[in-house]
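The chain contents come next:
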Amino acid sequence: MYHDQGLIAVKPAFPRASVNVTLGLPVVRTSVDHGSGYDIADKELPAKSACSHAIKAALELLAGRSAG
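Before going into details, it helps to say that this report is about the structure given with it.

Each value, and the rule that gives it
- Residues numbered from 1 in each chain as written.
- Predicted model: local features only at pLDDT ≥ 70, side-chain atom pairs only at ≥ 80, totals over all residues.
- Heavy atoms only, no water.
- Helix = DSSP H or I, 4+ residues; strand = E, 2+ residues; numbered from the N terminus.
- Buried < 20%, exposed > 50% of the residue type's maximum accessible area, 1.4 Å probe, protein only.
- Contact = heavy atoms within 4.5 Å.
- Areas by Shrake-Rupley, 256 points an atom, 1.4 Å probe, with all protein chains shown as cover.

Let us look at the overall build of the protein chain. Along the protein chain, the regular secondary structure elements total three helices and two strands. Counting helices and strands in the order they occur from the N terminus, the protein chain gives α-α-β-β-α. For the protein chain, with 68 residues in total, the buried portion stands at 19%. Long-range pairs, those at least 24 residues apart, make up 47% of the contacts in the protein chain between residues at least 6 apart in sequence. Looking at the protein chain as shown, the accessible area adds up to about 5,300 Å², and 63% of this sits on carbon and sulfur atoms.

Put into structure tokens, the structure is as follows:
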């Protein structure tokens, strides 16, 4: 299954709040899940909260690594 196929149900349910996590890397990697956002880049609409969600997820994954 590809990235976008699995997220078809997630993106509409949690717009600008879902996070992409890349598994299998030696480092924690998260990113916003809404893509590049070219359609809103020139407006004052970019979702800063999306970046906050990605950072929070990364911190939670890091905390889980050190606890285990």
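Having seen the structure, we can now continue with the description.
A few words now on the environment of Ser31. In this structure, Ser31 sits in strand β2 (residues 29–32). Taking the C-alpha atoms as reference points, Ser31 and Ala58, separated by 27 residues in sequence, lie 8.9 Å from one another.

Okay, the side chain of Ser18 next. Counting through the fold element by element, Ser18 comes out in the loop between α2 (10–13) and β1 (19–22). Setting aside residues no more than four positions away along its own chain, Ser18 makes contact with Val10, Lys11, Val32 and Asp33.

Note that Asn20 resides in strand β1. Between the C-alpha atoms of Asn20 and Ala57, which are 37 residues apart in sequence, the distance is 9.3 Å.

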